[in-house]
Amino acid sequence: MSMADAATKRGHIVMIPCMAHGHIIPFLALARLIQQRTNFTITTANTPLNIQYLRSALSSSSQIRLAELPFDAIQHGLPPNIENSENLPLARIIHLFHSSLSLEAPLHSLVSQITQEEGQPPLCIISDLFLSWANNVAKSLGTRNLTFTTGGAYGTLAYISMWSNLPQRKTDSDEFWVPGFPQNFRFHRTQLHRYLRAADGTDEWSRFLIPQIALSMESDGWICNTAEEIEPLGLQLLRKYLGVPVWSVGPVLPPDTLRGSKHRAGKEPGMALEVCMEWLDLKDENSVVYISFGSQNTISASQMMALAEGLEESGRSFIWVIRPPFGVDMNGEFREEWLPTGFEKRMKDTKRGLLVHKWGPQLEILSHRSTGAFLSHCGWNSVLESLSNGVPIIGWPLAAEQAYNVKMLVEEMGVAVELTRTVESVISGEQVRKIIEIVMDRQGKGKEMKEKANEVAAHMRNATKENDQEKGSSVRAMDDLVRNIFSSKAL
Ligand code: UDP
């Protein structure tokens, strides 16, 4: 079937992202990409408060339908009105994960209702890797399930293989091989999050993730937020491991309409966008270090102190999205005692550093010409946002698959150096200063990393290029995905 044919055919797709903004936003972007090239009806299902957020983020003219799945946080031992991973400490996110199992029955009802009304089941369900129980719904109602992993190919493979195989338990050595990777590849125990290091198959993380990952392997295909040119190895390995089609349609970045708006993740920025931009406008090109640990992580109090000391000693300009340290309410009030005496005032008076409390306009900062490096936890969205702007990365992975992302950024792409790992490590201001010097250096390694980051940015632009003459690899993959979704109807 040609793209023109696919564009005129009707059909229905149901999408269900995990209850986290870092997942909902790429799902929304994927829905728009599908919608741009088809006549499919797209229904995005989620819990009531996440639907409320989606409603506020979508323009009133959007054709994407929203379906509320009943959910009662209290019944699952969660604080009232908590339906999203933000505002939950990491230790409790697993409870949100377990509670998501209760959405299987309402999703089943929704898909049955669509089937009844339309006389046929939807063309497919596109579910988040973490909600792979959607495979049960798809199978029982005669449709297919595609998994959308909002991570990269390499990081996703490492994550699913580590949790399914628990390879660290099969050796006493600190370094070990992970199934799915070449025999000579080694991962290090310190790259595992403490929950994975402690996992034995019976803990609450294993009890959720192992069956969900097993179910995800039953999906008819996977959609990955990456591009052939930027992750050739990761995609090759992921395809071999899964044995089903993998469409690399990325980078799927937040739609323009969500840029700079508080609707982006339903959060009020800690500082007006204009103030950040004016501050950056005063700085030289590539001279500013941007620091942020994503939407749900923070570092320890001693690490925060060392980071501040290192930043001050480096003499470089910086914007730091700062939150209370680990162990304290991350969304609570910030206390001066967590930073060296007089630090914030000194940085303000000298215009050396801008502290943005809680939430910053990340995309706008990364795309500003003054931003020269990103000290990041290396969540996949942050990685894509940084590299699409040619900004090299200082990695400080804290959770999920972030340490595997850093390994790939360092070893495969050459666009990053790693400062430290996890919230438990001990670091010094001197370490911070040194690594900032390496990355910001206009010669040597810093120059090399910048050039490589610019190359990755060019690959990303090429992958998503679409004009009369040419279609990039991710655009072609999107076309193929849509054709595949439609033709599956006949199967
Ligand atoms: N983000 C932001 N401002 C912040 C922190 C995060 O806009 O102060 C956005 C960031 O641009 C990215 C997302 O939140 O799109 C974080 O996703 P990522 O995958 O990097 O990490 P996660 O939050 O899922 O750990």
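Residues numbered from 1 in each chain as written. Predicted model: local features only at pLDDT ≥ 70, side-chain atom pairs only at ≥ 80, totals over all residues. Heavy atoms only, no water.

A.B. asks: What is the right way to read the pattern of salt bridges from this model?
C.D. replies: Side chains bearing opposite charge may pair, as long as their charged atoms lie close to each other. Going through the model one piece at a time under the given rule, you end up with 17 salt bridges. The shortest N-O distance in the salt bridge between Arg335 and Glu337 comes to 3.4 Å. For Glu337, a relative accessible area of 53% corresponds to the exposed category. Where Lys407 meets Glu411, a salt bridge forms, and the shortest distance between an N and an O atom there is 3.2 Å. Here Glu411 and Lys407 lie together in helix α16 (residues 402–413), a separation of four residues that amounts to about one turn. Lys407 sits in the buried class, given a relative accessible area of 7%. It is possible to trace a salt-bridge network through shared partners that takes in Arg37, Lys471 and Asp479. (Salt bridge = Lys/Arg side-chain N within 4 Å of Asp/Glu carboxyl O. Buried < 20%, exposed > 50% of the residue type's maximum accessible area, 1.4 Å probe, protein only. Helix = DSSP H or I, 4+ residues; strand = E, 2+ residues; numbered from the N terminus.)

A.B. asks: Teacher, can you tell me more about unusual backbone geometry here?
C.D. replies: Both trends apply: most residues other than glycine have a negative phi, and most peptide bonds are in trans. In this structure, Pro251 follows Gly250 across a cis peptide bond, with omega equal to -5°. For Pro251, the position within the fold is in the loop between β9 (246–248) and α11 (273–281). Look at Cys378: it is not a glycine, yet its phi comes out positive at around 70°. Take Cys378: it is sitting in the loop between β13 (371–376) and α15 (380–387). The backbone of Thr422 shows a phi angle near 65°, a positive value even though the residue is not glycine. Its location among the elements puts Thr422 in the loop between β15 (416–418) and α17 (429–440).

A.B. asks: Could you clarify how one ought to interpret the pairing of β13 in this entry?
C.D. replies: Taken across its six residues, β13 has six buried, putting it largely inside the fold. Of the strand pairs in this sheet, β13 and strand β14 (residues 393–395) are connected by three bridges, and their pairing is parallel. Following the sheet pairing, Leu375 is matched in β14 by Ile394. Tracing the backbone out of β13, into α15 and back to the parallel element β14 gives a crossover that is right-handed. (Pairing = 2+ DSSP bridges. Right-handed = clockwise from strand over helix to strand, strands pointing away.)

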